[in-house]
Amino acid sequence: RGRYAGFLYKAKQYAASIEAANEAKKCDAKNVFLDRYLAYSYFETGDYTNGMAMSKSFFSKASPEKIIAQDYEYRGKLYAKTGSDSLAILDYKKALEMDSTKTELSNDMSNAYMKMKKYSEAITMFKAKVAAGKAGVNDYYGLGRAYYYSKDFVNADSCFSKIVTAQPEMGLGYLWKAKANVQQDPENKVWKAKEWYEKYISKIKPEDAEKNKKDLIDAYNYLAAYYAKKNDCANTKIYMEKILALDPANAQAKKVKAELKC
């Protein structure tokens, strides 16, 4: 039954693996491999509390030669899910030391650094992946955000440009380019973000408006401010109405619309 729990885990039948392992533990509570399968499968089913308990039990019982990279990987992921990102990073590093092929763990480490607001460390991790020629859209998104929160808006803008090039039909790259350009032009001297907010808006389907509500309202407010500065009452009103369509209780939009003389 213990071996069966292992086969079920490998077959991604995690709930069944948990059931089999727990049955086997009734006969052999000291079996460290059962704790391993339970830690893995609890994580995969989203039960991080039990997953962490089983991972800690495994490490407390297992002799060093029984511990594999995947044990550190899963404990790291469980630490990350239970709010211990610094401990998660240590385990990811141990997993990579034991198995250098687990390159996907660099993403987990980068995300942990981001959660801890250690942006320079996150940048280092993402840049290493870029240098190795293994970076994808998600990596440039992570690197761009790390630059953005480090207030390096020029490099952030460059990263988001790569997303726009790679996935021109997605709104994400345009949105973050707009954000980076707002920060590069804080007094709106040249309205650098205008074209990017317009392109972002054009990529959002009507059925997706609600889930993108906050970002759309930010975009509409920016464009309304642009047209107000140009004394273009009609377009200012259009964007206020777009805000109110998404958020009928928006006090600022109500006030601005009421004051418009068109």
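This text follows the structure it describes.
Here is what the cut-offs are and how they apply
- Residues numbered from 1 in each chain as written.
- Predicted model: local features only at pLDDT ≥ 70, side-chain atom pairs only at ≥ 80, totals over all residues.
- Heavy atoms only, no water.
- Helix = DSSP H or I, 4+ residues; strand = E, 2+ residues; numbered from the N terminus.
- Phe/Tyr/Trp six-rings, centres within 6.5 Å; stacked < 30°, edge-to-face > 60°.
- Buried < 20%, exposed > 50% of the residue type's maximum accessible area, 1.4 Å probe, protein only.
- Lys NZ or Arg CZ within 6 Å of the ring centre and 35° of its normal.
- Core = buried A, V, L, I, M, F, W, Y, C linked by side-chain atoms within 4.5 Å.
- Contact = heavy atoms within 4.5 Å.
- Axes fitted to C-alpha atoms, helices over the stretch in contact; angles between N-to-C directions.
- Parallel < 35°, antiparallel > 145°, perpendicular 65-115°, else oblique.
- Left-handed = near helix turned anticlockwise from the far one by under 90°.
- Nonpolar A, V, L, I, M, F, W, Y, C, P; charged D, E, K, R; others polar.

1. Remarks on the environment of Lys242
So, point 1. Mapped onto the fold, Lys242 is located in helix α14 (residues 233-246).
So, point 2. For the pair Lys242 and Ala20, spaced 222 residues apart in the sequence, the C-alpha separation amounts to 55 Å.

2. Examining the packing of aromatic side chains
So, point 1. Using the criterion set out here, one finds 22 aromatic pairs in the structure.
So, point 2. Between Tyr40 and Tyr74 the ring centres are 4.2 Å apart and the planes differ by 20°, which places this aromatic pair in the stacked class. Of this pair, Tyr40 sits in helix α3 (residues 32-44) while Tyr74 sits in helix α5 (residues 69-81), placing them 34 residues apart in sequence.
So, point 3. Arranged with centres 5.3 Å apart and planes meeting at 85°, the rings of Tyr148 and Trp176 form a pair that is edge-to-face. Linking Tyr148 in helix α9 (residues 137-149) with Trp176 in helix α11 (residues 171-184), this pair joins segments that are 28 residues apart in sequence. For the pair formed by Tyr148 and Trp176, the shared burial category is buried.
So, point 4. Sitting over the ring of Phe59, Arg75 keeps its end group 3.9 Å from the ring centre.
So, point 5. Of note, Lys77 hangs over the ring of Tyr74, and the distance from its end group to the ring centre comes to 5.7 Å.

3. Here we look at the nonpolar core
So, point 1. In terms of nonpolar packing, the biggest core is built from 81 residues, with Tyr197, Tyr200, Ile201, Leu216 and Tyr220 touching the most fellow members.
So, point 2. Sequence-distant contacts of Tyr197, defined by excluding residues within four places in its chain, comprise Leu175, Ala178, Lys179, Val182, Asp218, Ala219 and Tyr222.

4. Topic: the side chain of Lys25
So, point 1. When you line up the elements, Lys25 lands in helix α2 (residues 14-25).
So, point 2. Taking relative accessible area as the criterion, Lys25 reaches 18% and is therefore assigned buried.
So, point 3. With residues near it in sequence (within four places) discarded, Lys25 still touches Leu34, Asp35, Leu38 and Lys61.

5. Focus on the packing of helix α13 (residues 213-229) against α14
So, point 1. Their axes nearest at 8 Å, the elements α13 and α14 cross at an angle of 165°. With respect to α14, the element α13 is oriented roughly antiparallel. Our pair here, α13 against α14, has a crossing hand that is left-handed. Counting all contacts with α13, which are made through Lys213, Leu216, Ile217, Tyr220, Asn221, Leu223, Ala224, Tyr227 and Ala228, the residues of α14 involved are Asn235, Thr236, Tyr239, Met240, Lys242, Ile243 and Leu246.
So, point 2. Of the residues in the contact of α13 with α14, the class split is eleven nonpolar, three polar and two charged.

6. Overview of unusual backbone geometry
So, point 1. One non-glycine residue with positive phi stands out, namely Lys12, at about 65°.
So, point 2. Mapped onto the elements of the fold, Lys12 is located in the loop between α1 (2-10) and α2.
So, point 3. Even without being a glycine, Asn231 presents a positive backbone phi close to 60°.

7. Some thoughts on the environment of Phe58
So, point 1. The topology assignment puts Phe58 in helix α4 (residues 48-61).
So, point 2. Sequence separation of Phe58 and Ser41 is 17 residues, and the distance between their C-alpha atoms is 13 Å.

Keep in mind these values describe shape, not function.
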